[in-house]
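Fold and geometry: a report
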Protein chains: 4
Amino acid sequence: MKLGLIGAGRIGRLHGEVITYYIPNAEIKTVSDVFMNEGIKNWANHLGISNITTDYKEILSDPEIQAVLICSSTDTHAKFIIEAAKAGKHIFCEKPIDFNVEKINEALRTVNEAGVKLQIGFQRRFDHNFKRMKELIEEGKIGDIHIVKITSRDPAPPPVEYIRVSGGIFLDMMIHDFDMARYLSGSEVEEVYAQGSVLVDPAIGEAGDIDTAIVTLKFKNGAHGVIDNSRQAVYGYDQRVEVFGSKGCLTVENDFPNSVVLSTAENVVSDKPHYFFLERYMNAYVEEIKAFVNAIEEGKETPVVGNDGLQPVLIGLAAQKSLKEGRPVRIKEKFIL
Amino acid sequence: MKLGLIGAGRIGRLHGEVITYYIPNAEIKTVSDVFMNEGIKNWANHLGISNITTDYKEILSDPEIQAVLICSSTDTHAKFIIEAAKAGKHIFCEKPIDFNVEKINEALRTVNEAGVKLQIGFQRRFDHNFKRMKELIEEGKIGDIHIVKITSRDPAPPPVEYIRVSGGIFLDMMIHDFDMARYLSGSEVEEVYAQGSVLVDPAIGEAGDIDTAIVTLKFKNGAHGVIDNSRQAVYGYDQRVEVFGSKGCLTVENDFPNSVVLSTAENVVSDKPHYFFLERYMNAYVEEIKAFVNAIEEGKETPVVGNDGLQPVLIGLAAQKSLKEGRPVRIKEKFIL
Amino acid sequence: MKLGLIGAGRIGRLHGEVITYYIPNAEIKTVSDVFMNEGIKNWANHLGISNITTDYKEILSDPEIQAVLICSSTDTHAKFIIEAAKAGKHIFCEKPIDFNVEKINEALRTVNEAGVKLQIGFQRRFDHNFKRMKELIEEGKIGDIHIVKITSRDPAPPPVEYIRVSGGIFLDMMIHDFDMARYLSGSEVEEVYAQGSVLVDPAIGEAGDIDTAIVTLKFKNGAHGVIDNSRQAVYGYDQRVEVFGSKGCLTVENDFPNSVVLSTAENVVSDKPHYFFLERYMNAYVEEIKAFVNAIEEGKETPVVGNDGLQPVLIGLAAQKSLKEGRPVRIKEKFIL
Amino acid sequence: MKLGLIGAGRIGRLHGEVITYYIPNAEIKTVSDVFMNEGIKNWANHLGISNITTDYKEILSDPEIQAVLICSSTDTHAKFIIEAAKAGKHIFCEKPIDFNVEKINEALRTVNEAGVKLQIGFQRRFDHNFKRMKELIEEGKIGDIHIVKITSRDPAPPPVEYIRVSGGIFLDMMIHDFDMARYLSGSEVEEVYAQGSVLVDPAIGEAGDIDTAIVTLKFKNGAHGVIDNSRQAVYGYDQRVEVFGSKGCLTVENDFPNSVVLSTAENVVSDKPHYFFLERYMNAYVEEIKAFVNAIEEGKETPVVGNDGLQPVLIGLAAQKSLKEGRPVRIKEKFIL
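Residues numbered from 1 in each chain as written. Chains lettered and ligands numbered in written order. Predicted model: local features only at pLDDT ≥ 70, side-chain atom pairs only at ≥ 80, totals over all residues. Heavy atoms only, no water.

**Thoughts on the sheet that holds strand E1 (residues 2-6) of chain C**
Residues and elements named next belong to chain C. A sheet is described by the order of its strands in space; here six strands give the open sequence E3-E2-E1-E4-E5-E6, paired in parallel fashion. Looking at which strands have only one partner, the edges of the open sheet turn out to be strand E3 (51-53) and strand E6 (118-120). Adjacent strand axes in the sheet meet at a mean angle of 20 degrees, parallel and antiparallel pairs treated alike. Where strand E5 (residues 90-93) lies against E6, three bridges are found, and the strand directions are parallel. Bridge assignment links phenylalanine 92 to a residue of E6, and that residue is glutamine 119. Packed onto the sheet, helix H1 (residues 10-22) meets E1, strand E2 (27-32), strand E4 (67-70) and E5 and runs at close to 155 degrees relative to E2. Together, E1, E4, E5 and E6 form the strand contacts of helix H11 (residues 277-297), whose direction differs from that of E5 by roughly 165 degrees. (Pairing = 2+ DSSP bridges. Helix = DSSP H or I, 4+ residues; strand = E, 2+ residues; numbered from the N terminus. Axes fitted to C-alpha atoms, helices over the stretch in contact; angles between N-to-C directions. Contact = heavy atoms within 4.5 Å.)

**Some remarks on the interface of chain B and chain A**
Note: interface size is frequently given as the accessible area lost on complex formation between the parts. Between chain B and chain A, the residue contacts involve 40 residues of the former and 40 residues of the latter. Summed over both sides, the interface of chain B with chain A buries roughly 3000 Å², with 60% coming from carbon and sulfur. It is Gln195, His224 and Phe244 of chain B in chain B that bury the most area against chain A; as a group they hold 18% of the surface buried on that side. Seen at the junction of chain B and chain A, the total is six salt bridges. Between arginine 240 of chain A and glutamate 242 of chain B there is a salt bridge; the shortest N-O distance is 2.8 Å. Remark: the boundary between chain B and chain A carries 16 residue pairs in polar contact (both at pLDDT 80 or more). (Buried area = accessible area lost by both parts, 1.4 Å probe. Salt bridge = Lys/Arg side-chain N within 4 Å of Asp/Glu carboxyl O. Polar contact = N/O pair within 3.5 Å; in protein donor to acceptor, adjacent residues only side chain to side chain.)

**What to know about the sheet that holds strand E4 (residues 67-70) of chain A**
Residues and elements named next belong to chain A. The parallel open sheet is built from six strands, whose spatial order is E3-E2-E1-E4-E5-E6. This sheet does not close on itself; its edge strands, each paired only once, are strand E3 (51-53) and strand E6 (118-120). Strand after strand, the sheet turns through a mean of 20 degrees between neighbouring axes, direction not considered. Where strand E1 (residues 2-6) lies against strand E2 (residues 27-32), five bridges are found, and the strand directions are parallel. The partner of glycine 4 across the bridge, within E2, is threonine 30.

**Quick notes on the relation of the copies chain B and chain A**
Laying chain B over chain A is done by rotating through 180 degrees and shifting 0.0 Å along the axis; what remains is an RMSD of 0.0 Å. With respect to symmetry, the two chain copies, as superposed, fit the operation of a two-fold axis. When each C-alpha of chain B is compared by its distance to the rotation axis, arginine 327 of chain B comes out closest, at 2.8 Å. Taken as a fraction of all interface residues of chain B, those also at the interface in chain A reach 100%, which identifies the copy contact as same-surface. (Least-squares fit on C-alpha atoms with pLDDT ≥ 70 in both.)

**A short note on the packing of helix H1 (residues 10-22) of chain B against helix H12 (residues 282-297) of chain B**
Residues and elements named next belong to chain B. Contact pair H1 / H12: the axes reach a minimum separation of 10 Å and the direction vectors enclose 70 degrees. Between H1 and H12, the interaxial angle falls into the category roughly perpendicular. Mapping the contact onto sequence places Ile11, Leu14, His15, Val18, Ile19 and Tyr22 in H1 and Met282, Tyr285, Val286, Glu288, Ile289 and Lys290 in H12. (Parallel < 35°, antiparallel > 145°, perpendicular 65-115°, else oblique.)

**What to know about the relation of the copies chain B and chain C**
The transform that puts chain B on chain C rotates by 180 degrees and translates by 0.0 Å along the axis, for an RMSD of 0.0 Å. Here 100% of the interface residues in chain B have copies in chain C that are interface residues too; the copies meet face to matching face.

**Details of the pairing of strand E8 (residues 189-197) of chain A**
Residues and elements named next belong to chain A. Counting buried positions along E8 yields seven of nine residues, so the element is predominantly enclosed. Relative to strand E9 (residues 212-219), E8 is paired through eight bridges, and the arrangement is antiparallel. In the strand pairing of E9, serine 197 is matched with threonine 212. As paired elements, E8 and strand E15 (residues 329-330) share two bridges and run antiparallel to each other. Within E15, the residue paired with glutamate 191 across the bridge is arginine 330. (Buried < 20%, exposed > 50% of the residue type's maximum accessible area, 1.4 Å probe, protein only.)

**With respect to the packing of aromatic side chains**
Enumeration according to the criterion identifies 34 aromatic pairs over all chains in this entry. Consider the rings of tyrosine 22 of chain A and tyrosine 22 of chain D, whose centres lie 5.1 Å apart with planes at 90 degrees: the pair is edge-to-face. Highlighted residues: tyrosine 22 of chain A in helix H1 (residues 10-22) and tyrosine 22 of chain D in helix H1 (residues 10-22), drawn from two different chains. Taking relative accessible area as the criterion, tyrosine 22 of chain D reaches 24% and is therefore assigned partly exposed. A centroid spacing of 5.7 Å and a plane angle of 65 degrees characterise the contact between phenylalanine 92 of chain B and phenylalanine 292 of chain B, whose relative ring orientation is edge-to-face. Here the residue phenylalanine 92 of chain B occupies a position in strand E5 (residues 90-93), and phenylalanine 292 of chain B occupies one in helix H12, the gap between them amounting to 200 residues. The exposure classification of phenylalanine 92 of chain B matches that of phenylalanine 292 of chain B, with both residues buried. The aromatic ring of phenylalanine 244 of chain B is capped on one face by arginine 153 of chain A, whose charged end is 4.1 Å from the ring centroid. (Phe/Tyr/Trp six-rings, centres within 6.5 Å; stacked < 30°, edge-to-face > 60°. Lys NZ or Arg CZ within 6 Å of the ring centre and 35° of its normal.)

**Re the pairing of strand E9 (residues 212-219) of chain C**
Residue and element names in this part refer to chain C. With seven of eight residues buried, E9 is to be regarded as a mostly interior element. Pairing analysis gives seven bridges linking E9 to strand E10 (residues 224-230), with the strands arranged antiparallel. For threonine 212, the partnering residue across the bridge sits in E10 and is serine 230. What sits between the antiparallel neighbours E9 and E10 is a turn of four residues, in which glycine 222 has the positive phi angle 95 degrees.

**Points about the pattern of salt bridges**
As enumerated under the stated definition, the model contains 129 salt bridges over all chains in all. A salt bridge links lysine 29 of chain A to aspartate 62 of chain A, with the nearest nitrogen and oxygen atoms 2.7 Å apart. One end of the pair, lysine 29 of chain A, is in strand E2; the other, aspartate 62 of chain A, is in the loop between helix H3 (57-60) and E4, with 33 residues separating them in the sequence. Just as lysine 29 of chain A is buried, aspartate 62 of chain A falls in that class too. With a shortest N-O distance of 3.6 Å, glutamate 138 of chain D and lysine 134 of chain D are connected by a salt bridge. Of this pair, glutamate 138 of chain D and lysine 134 of chain D both sit in helix H6 (residues 128-138), four residues apart, which is roughly one turn of the helix. The exposed category is assigned to glutamate 138 of chain D, whose relative accessible area is 60%. What you see here is one network of salt bridges that share partners, running through Lys149 and Glu242 of chain A together with Arg153, Asp228, Asp238 and Arg240 of chain B.

**Let's talk about the interface of chain B and chain C**
If you look at the interface, chain B gives 29 residues, while chain C gives 29 residues. Taken together, the two surfaces of chain B and chain C that pack against each other cover about 2100 Å², and 52% of this comes from carbon and sulfur. Our enumeration of links across chain B and chain C arrives at two salt bridges. With a closest N to O distance of 2.4 Å, aspartate 271 of chain B and arginine 132 of chain C form a salt bridge. The set of elements that each furnish at least two residues to the side of chain B that touches chain C consists of H1, helix H6 (128-138), strand E12 (248-252) and strand E13 (260-264) of chain B. Classifying every residue of the side of chain B that touches chain C gives 14 nonpolar, nine polar and six charged. Across five bridges, the pairing between E12 of chain B and strand E13 (residues 260-264) of chain C is antiparallel. Bridged to leucine 250 of chain B within E13 of chain C is leucine 262 of chain C. (Nonpolar A, V, L, I, M, F, W, Y, C, P; charged D, E, K, R; others polar.)

Structural measurements only, silent on function.
The following block contains the structure:
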């Protein structure tokens, strides 16, 4: 299967490498990026990708290309989804689809009408630990879900310039946790209450964002959720989940690059967790793209569909409003949409 | 040092045993309980306590008795504190002091005027794990505190009759976590938002309470807190704390009666956590009473003073109001007091 | 029940405190020590023990005393066992009974003839972890035992003067592990091979002992065992056991005073293990004496009988011979006895 | 870089896949196997390898091929090494080189004379955990090494037909542990004592082998080692290492496919370890071949040289002799060589 890659930034290149090295039955035929440069050219060359262009339309008009990976900046996602769908290409799109719910809805409608497949880039669902958690939940091991707890902390904040266009902590960072909360609870979120502060870096506040946040959720199925985020965990990437239910509790501790323990006259020491998402979720990225390629080949639904791209944005917008107004906000409040 | 014990229910007997067996330089001289019965008599006899009475005044008027342990029902705490203080006795009082802030304030004023010592029964502060956490925080190991997370779940709900008079989950159960949050953060709580549901047993709802709750806190020092409670963790007592700061993170996992791991053809298995608070906090109860006896002997302040009894009640009342009104509530809102 | 304590050194005082504080139905009536001093007097006084003597015969001739705790130096154990048995006292004796097998056998014969109870001080059998392991083995959870692995390391070597009279690492230190190996395997040891060196402190070598040893065992039931000892684990007391069988494997990791984990920009750190045996096995010492008192009160066999005192000495002597001769030694080789 | 693969059994295919998928700058040009069949052809085809032959000489005579991977049966290793070296190819050879020390020596001499590189397939050295251990040892974190402990257990025994030609547990299975012991201790082994039994399956005994073994080692640097092996750990592949030294201790626990913990009303459960070496050491296999390709490209020594292939065989032969004769055996005893 031949694919086209739109956007060759960090995450685009990651997907390109995953397809080249780990997925024998798929290859990137063409890479497009409006900001083409030597770095991208060398990278593509190294992977044996010969078609390089600044015009994504070369991908969309290529009849040999079955599917596209949209890894460009967020403000172009909806537009590319719509055009790709109209061109009959299956679509893998990085999160978030957009910050504007109308644009998301339009994109999803077009995908629907075109009958192409769409998968949203929530790679954590493919993580060895969270996937296993989900299986055990579905096997009924913990009964009805009462509480979902998610901790998600980055090792260091991104540049303030990025923060400014990121959509804010809820739509840029916690959106992954909103997806995880929906995935594990098996339920939509009804109400959101957000607390947050600038505790890490005042510059983040000046850019109009916060860097520390706690969000509580009420799910339609009656369960409760709580997510905490920080833009800076000095010890490294911190990704933990707990699901508590009527018959038991599931926990996943953070992931580490090794499990060596050193006991000395001073204390008992081990290495820090994985540095960041590339290290932690490398396998998940591979599994994610495998699942996308599989879904196309076997003509079945992708594991993360359009609505899975829409709902976390709704939750994120509600969290923004909650933080601003200092009160819990229901997802259905018309003014979010 | 001779002490009097007022109230010989479960917790009163626990303190009696702790003093008899573990604290060589203190003894219970007299036990009073309005509901005196054979069980109490046998128990006291077994411990070698010969003075048994239904009249607590025998304790207060005994010049040989330096201190009293108030372990009677909550509605009598304030009254006994006031009378004991006036009688010049040092006071150890179980939590909560009362559900009524005016009564608490009156009791604290009396204690103050009498110049006696008062210690409130938040034994978790003396737990080997939480005490060590506090030390590390005070040594500055994690820098400024950003997030305090507390999980506290009971193995099974108490009888519904108890729930009815308990003061509700926030004042009966989560009050320990409010204390822990203040203790570890080193800051007072400013604002509370409470979510909760009846997920464990409808009878708890009929009794006017909830059995599952998530509360988020804003501290005066800018930190955030989150506490989750359930009246029923089928796997046993679940007590975990995490404190995340600018320079690092402290975690304490749950405590287990043994660390034996059994690996078989099916899976990897270990025993459940301690069943409940008596097993888990036995050492903490000993340390707590040792600290009380020490404070008296050495004429220094007790480690858990009157205000430590008042604040968690204020937070609990704010949580009740928050749950009822579906909005965050500031501790200072006049109508709580 | 009234007991007499013969020998008020470190371990004797420990048992005295255990009985005074933790075992309501037993008390030390008399303490004897040939090296009586102010320290012992003050200690006994503090515990409320009024009879203090340099003559152990005051204990043996006291009809009120039902049982004795022999905590004197090893070379006096056999003699005191024999005299106590003849005086009709039940006996708790610290390990090892003696280094001379003939003397042990004579002591055990006398105990047998007198019909008194004898318990040997292998307190590790009462440890929360190892006891649980034993239960699971007896429930058949791991099937037939194939391999028993024991790690046992002290935080620091004892003074060289002690080493000189200690009987050597096998009879002083590893003897506890020989007992644990027999206890968990449920089988006697047939053959021993010992390796060892002076790696910690040359002075230990000059005193005729080694400080690092690895011993492999063959059990009568076909299982294999391996024990490693070091006189100095700079990180603290290290006590771990693993039992591997046809249906699974049991492991017990080392015990720690708390489970607080600190994650910082440098690494992930926790506190060192318990410092030494007093901290680690405090509860085991209590359970051990409770079991002894119970056995007497209920007229049943003690949980660690005379043969449990003999066998580890035989294994230790075989290990000494193996180390000296550089070959595996069978327990039955006549010249050990 | 182009490589030839000699022998396309399980391990040969693994290396073929590793090179194809994970190592961009290397490719398998030709595969040879005397037992060529449809399975191998389809496999090679799937990987895009077009040259398939039953004659390994096509590889050795191909001037484009720089290096060979010898993954054929053990009895052909020495012969292929010699011929490949004479043909000027760099060589990666699976362990063991041979069971005959003379043949190994001849092969190593030829490699030396030819000036080609040779790497032996001890992939565990490239494992994320053991590599990290080695780094910490070399940084001096644990001081001088006193004890090396290795546990290595397979999930299930191989077919008895395999056992018969395997060279026995010491040369087939424990040889990896002998390598690990040398690697971590940084010292050669001087003396070996082996214990072992048939506890898993009598058919293994009938085939002339044992299935359970404990081997103790004395290293030239004064350290001691102990290795335990079982052909059947019903819970899965068990690979653990501990290195104890004068300044501390390093431990690595077993590796698991996920870290999800399920707490229920019965117990606390997690999934079994990785099933076997393919799952556990997948990353190590990749790193191993990367290191080989790197060594060739950069003209430096391989990380596991010829002597690293010889020494573990010497240790294994000594272990066989020790088991047979029931005594410790020194590596230098002439009759091993």
